Amino acid sequence: MRESIKVFAPATVANVGCGYDVLGFALEGYGDELILTRRPDDRLVIASIEGVQGLPLDPLKNVSTVAINAFLTDLDLKQGFDLRIKKNIAAGSGLGSSASSAAAAVYAANEILGRPKGQLELINYAMAGEKLASTKAHADNVAPSILGGVTAVRSYEPLDVFNISYPESLKVVVIFPQIEIKTSDAKKILRDEVKLTDAVKQWGNMAGLISGLIEHDFERIGKSLQDVIVEPVRSILIPFYHQMKTLALEKGALGFSISGSGPSMFCFIKEEGASSEIIEAAQVLYGAYEIEVISFISGINKQGAKIIE
Ligand code: HSE
């Protein structure tokens, strides 16, 4: 019986343009680590959080312990754990920070207990953690963080999630201006209703994006990375969003959109060479306004959550 386990769960890009609350993919090399150690009692204790200040240690208020608690309650198991969390993703970045912690927590708990649940079932418990962070349980970050690759949520009730194939040569450039946007705030500003004409455009782009990914049609991927419903509203929260988008498209990006609820933005690229010009353009644009920006290139992470020790 294992006493302790160390896992990694990747950061993610949710929505992927036209797929609000439905599409997401996992990033390579960027994510949270968590060490889970059995306790002799049934308490969940957050022993430490490194990397990010101000996250709650109270197990009722932290996404990781809320997610594990949902998992243990469903299993009807009285097992306590100590959690040591190392966060590499800033909260409110739009890169699935809370999802990565929730995904790591349930993944670790499932592994240490000998896998009583399948990977798809874990998404439900990680969503309980996400709900705490964003007031609404959505799976488009936790699903790719657990499963890896590109994922889609066909239905929430009942939950039906699956992976979509994609060209492995597809690369992503992430641009993260150093401001914080809370997902709960970014959700509140969206309208409850959409115009039918906008919905028709969004459905068309969604079909185009999925088809482009599966058929490795880069031109179709780029054309379909459009969001006529959420981007027009949320882009006002992101400084110089439209200028950054124009620059990235001029430098060869295959479409450009908001990552999750922002402020991070992302674009797909086919040639790695385009990334340095896009990153440079971001530095110049945001530098001129004294806004710090972190930009990086990534592939799509195929594996998702994994054991590292
Ligand atoms: N789908 C969620 C939203 C993702 O856009 O609100 C949050 O990162």
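Let me sum up the structure you'll find in this document. The structure displayed is predicted, hence computed values, not measured ones.

Together, I189, I236 and L237 line one region of the surface with nonpolar side chains, adding up to about 270 Å² of accessible area. With respect to the element layout, I189 can be found in the loop between helix 5 (183-188) and helix 6 (196-215). When its relative accessible area of 35% is taken as the criterion, I189 is described as partly exposed.

This part is about the site of the ligand. Every residue close to the ligand is listed here: A14, N15, Y20, D21, H138, D140, N141, T183, K187, R234, G260 and S261. Residue N15 places a side-chain N or O atom 2.7 Å away from an oxygen atom belonging to the ligand. Residue N141 places a side-chain N or O atom 3.1 Å away from an oxygen atom belonging to the ligand. When isolated, the ligand has an accessible area of 260 Å², and the protein chains bury 98% of it. Residue composition of the shell around the ligand, by class: two nonpolar, six polar and four charged. When residues of the shell around the ligand are assigned to domains, at least three map to each of domain 1 (4-164 + 301-307) and domain 2 (171-298).

Going through the model one piece at a time under the given rule, you end up with 17 salt bridges. In this structure, K6 and E33 form a salt bridge, with 3.8 Å as the shortest nitrogen-oxygen distance. With K6 in strand 1 (residues 4-14) and E33 in strand 2 (residues 23-38), this residue pair connects regions lying 27 residues apart in the sequence. When sorted by exposure, K6 lands in the same class as E33, which is buried. K61 is the partner of D58 in a salt bridge, and the nearest nitrogen-oxygen pair spans 4.0 Å.

This part is about the sheet that holds strand 9 (residues 265-269). Reading across from one edge, 8-9-7-10 is the order of the four strands in this open sheet, with antiparallel pairing throughout. The two strands at the open ends of the sheet, each matched to only one other strand, are strand 8 (254-258) and strand 10 (293-299). Each strand of the sheet is rotated relative to its neighbour by a mean of 20°, with strand direction disregarded. Pairing between strand 7 (residues 171-177) and strand 10: seven bridges, direction antiparallel. Residue pairing in the sheet places K171 in a bridge with G299 of strand 10. In this fold helix 9 (residues 241-250) packs onto strand 7, strand 8 and strand 9, with an angle of close to 160° to the strand it touches most, strand 8.

With that settled, consider the packing of helix 1 (residues 63-75) against helix 2 (residues 97-112). At a minimum axis distance of 8 Å, the contact between helix 1 and helix 2 shows a crossing angle of 40°. Classified by the angle their axes make, helix 1 and helix 2 are oblique. Remark: the crossing between helix 1 and helix 2 carries right-handed chirality. Residues V63, S64, A67, I68 and F71 of helix 1 pack against S98, S101, A102, A105, V106, A109 and N110 of helix 2. Looking at the contact of helix 1 with helix 2, its residues break down into eight nonpolar, four polar and no charged.

Take the pairing of strand 9 next. By the criterion of burial, strand 9 is predominantly enclosed, with five of the five residues buried. The alternating pattern of strand 9 places M265, C267 and I269 on one face and F266 and F268 on the opposite face, and all of these are buried. Pairing analysis gives five bridges linking strand 7 to strand 9, with the strands arranged antiparallel. Counterpart to V174 in the pairing with strand 9 is F266. As defined by bridge partners, strand 8 adjoins strand 9 across four bridges and the pair is classed as antiparallel. By the bridge assignment, I258 is partnered in strand 9 with M265.

Our next topic: the packing of aromatic side chains. Applying the stated rule across the entire model yields eight aromatic pairs. Each ring, one from F25 and one from F268, has its centre 5.5 Å from the other, and the planes form 35°; the classification is tilted. Placement of the pair is F25 in strand 2 and F268 in strand 9, with a sequence separation of 243 residues. The same class applies to F25 and to F268, which are both buried. Between the aromatic rings of F71 and Y125, the centroid separation amounts to 5.4 Å while the plane-to-plane angle is 70°, which identifies the pairing as edge-to-face. Here F71 is found in helix 1, whereas its partner Y125 is found in helix 3 (residues 119-134), with 54 residues between them in sequence.

The rules behind the values
- Residues numbered from 1 in each chain as written.
- Predicted model: local features only at pLDDT ≥ 70, side-chain atom pairs only at ≥ 80, totals over all residues.
- Heavy atoms only, no water.
- Patch = residues over 30% accessible without salt bridge, like charges linked within 9 Å, V, L, I, M, F, W, Y side chains within 5 Å.
- Areas by Shrake-Rupley, 256 points an atom, 1.4 Å probe, with all protein chains shown as cover.
- Salt bridge = Lys/Arg side-chain N within 4 Å of Asp/Glu carboxyl O.
- Helix = DSSP H or I, 4+ residues; strand = E, 2+ residues; numbered from the N terminus.
- Buried < 20%, exposed > 50% of the residue type's maximum accessible area, 1.4 Å probe, protein only.
- Near = heavy atom within 4 Å.
- Polar contact = N/O pair within 3.5 Å; in protein donor to acceptor, adjacent residues only side chain to side chain.
- Nonpolar A, V, L, I, M, F, W, Y, C, P; charged D, E, K, R; others polar.
- Domains from an automatic or database assignment.
- Pairing = 2+ DSSP bridges.
- Axes fitted to C-alpha atoms, helices over the stretch in contact; angles between N-to-C directions.
- Contact = heavy atoms within 4.5 Å.
- Parallel < 35°, antiparallel > 145°, perpendicular 65-115°, else oblique.
- Left-handed = near helix turned anticlockwise from the far one by under 90°.
- Phe/Tyr/Trp six-rings, centres within 6.5 Å; stacked < 30°, edge-to-face > 60°.

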